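Structure at a glance
Single-letter residue listing:
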Amino acid sequence: MPRIPLALAASLALGALAAVPPKADAQRIAQLALTGGVATDQAGARSNAVTIAPSLFISGASGAVSIGATATGFANDAWSAGIVGTLQSRTSLGRFLALTLDATAGASRFNGTSCATFLEGALTPALEASVGRVTLFGGVRVATGMTRQDASRPLPLGQTPRTPETTVSGGGPLYGAVLTLFDGPRGGVRLTAREDRLR
């Protein structure tokens, strides 16, 4: 599988986010979560931690866009912070068919006994066919991720070579089916089976 440049995947995902302006009748939901407890950081150390995570979700008839951030402070003086954006769009091709697109792009930074930056992006275009309560779908998922470590304080990766920068990319088909058991104004019940052959 040829490597997919991280900058290209992230640009496509973020470009897709920017290409879907919210409509006047779009629903907007803003949230702020504050949590505390015991957590394990990216270096494998456990300590008390506090996390704050604001997010904004915008949905309309043809899709949804969300953007969120997170910041965590650990009792051992380590910290992490990140941001992620997602897009879900659906274009009808008639009574039974539709094109869908899911896109995600994110970045985060960890600073503690080790220091590293993490980047990731994914695109998933697919075709849906719906008849009654059954929906079949098939498409392709392409994903890439990168870890960039500070040479002076790399992450503890066991016997894995501590290279300053590691990029992993892949792609493959995905397909599956959704059975809607109940669908109402306040929610529904659905059974989903999915095969994702990312490699």
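Heads up: these notes are all about the structure in this document. Quick caveat: nothing in here was measured; it's all calculated off a predicted structure.

Some points on the layout of surface pockets
The gaps of empty space that remain are located by a probe, the size of a water molecule, rolled over the atoms. When its volume is computed, the largest pocket comes out at roughly 660 Å³. Lining the largest pocket are 26 residues, with Arg90, Thr100, Asp102, Glu128 and Val178 positioned closest to its centre. Secondary-structure elements contributing two or more residues to the lining of the largest pocket are strand S3 (63–74), strand S4 (79–92), strand S5 (97–111), strand S6 (115–131), strand S7 (134–149), strand S8 (165–184) and strand S9 (187–196). Ranked by residue count, the leading element in the lining of the largest pocket is S6, at four residues. Within this model, the second largest pocket holds a volume of roughly 210 Å³. For the second largest pocket, the lining is made up of 17 residues, of which Gly106, Ser108, Phe118, Leu119 and Glu120 are closest to its centre. Every element with two or more residues in the lining of the second largest pocket is listed here: S3, S4, S5, S6, S7 and S8.

A short note on the side chain of Ser59
For Ser59, the location among the structural elements is in strand S2 (residues 46–60). If sequence neighbours within four positions are ignored, Ser59 has contacts with Ala26, Gln27 and Ala64.

Overview of the pairing of S9
The pairing of S8 with S9 spans ten bridges and is classified as antiparallel. Residue pairing across strands places Phe182 opposite Val189, the latter belonging to S9. Where S8 folds back onto S9 in an antiparallel hairpin, the turn is made up of two residues.

A few points about the environment of Arg141
Tracing the backbone through its elements, the reader meets Arg141 in strand S7. Arg141 sits in the partly exposed class, given a relative accessible area of 21%. Each C-alpha atom, one on Arg141 and one on Ala126, is 8.6 Å from the other, the two residues being 15 residues apart in sequence. Setting aside its immediate chain neighbours within four residues, Arg141 contacts Leu123, Thr124, Gly170, Gly171, Gly172, Leu174, Arg194, Asp196 and Leu198. At a separation of 2.7 Å, a polar atom in the side chain of Arg141 contacts the side chain of Asp196.

Quick word on the pairing of S4
The sheet contact formed by S3 and S4 spans eleven bridges and is antiparallel. What sits directly across from Ser66, in S4, is Thr86. Between the antiparallel neighbours S3 and S4 lie four residues, among them Asp77 with a positive phi of about 75°. Both S4 and S5 contribute to a ladder of 14 bridges, which runs antiparallel. In the sheet register, Thr86 faces S5, and the bridge partner there is Thr104. Linking S4 back to S5 in an antiparallel pair, the connection comprises four residues, with Gly94 at a positive phi of about 135°.

Brief notes about the sheet that holds S7
If you walk across this open sheet you meet the nine strands as S1-S2-S3-S4-S5-S6-S7-S8-S9, and the pairing is antiparallel. The open sheet has two edge strands, strand S1 (27–40) and S9, and neither has a second partner. Here the strands of the sheet are splayed against their neighbours by 15° on average, with no regard to which way each runs. With ten bridges connecting them, S2 and S3 associate as antiparallel partners.

About the thresholds
- Residues numbered from 1 in each chain as written.
- Predicted model: local features only at pLDDT ≥ 70, side-chain atom pairs only at ≥ 80, totals over all residues.
- Heavy atoms only, no water.
- 1 Å grid on protein atoms, 1.4 Å probe; cavity = no way out; pocket = protein on both sides within 12 Å on 5 of 7 lines; lining within 4 Å.
- Points joined across faces, edges and corners; volume = space filled by probe spheres on them.
- Helix = DSSP H or I, 4+ residues; strand = E, 2+ residues; numbered from the N terminus.
- Contact = heavy atoms within 4.5 Å.
- Pairing = 2+ DSSP bridges.
- Buried < 20%, exposed > 50% of the residue type's maximum accessible area, 1.4 Å probe, protein only.
- Polar contact = N/O pair within 3.5 Å; in protein donor to acceptor, adjacent residues only side chain to side chain.
- Axes fitted to C-alpha atoms, helices over the stretch in contact; angles between N-to-C directions.

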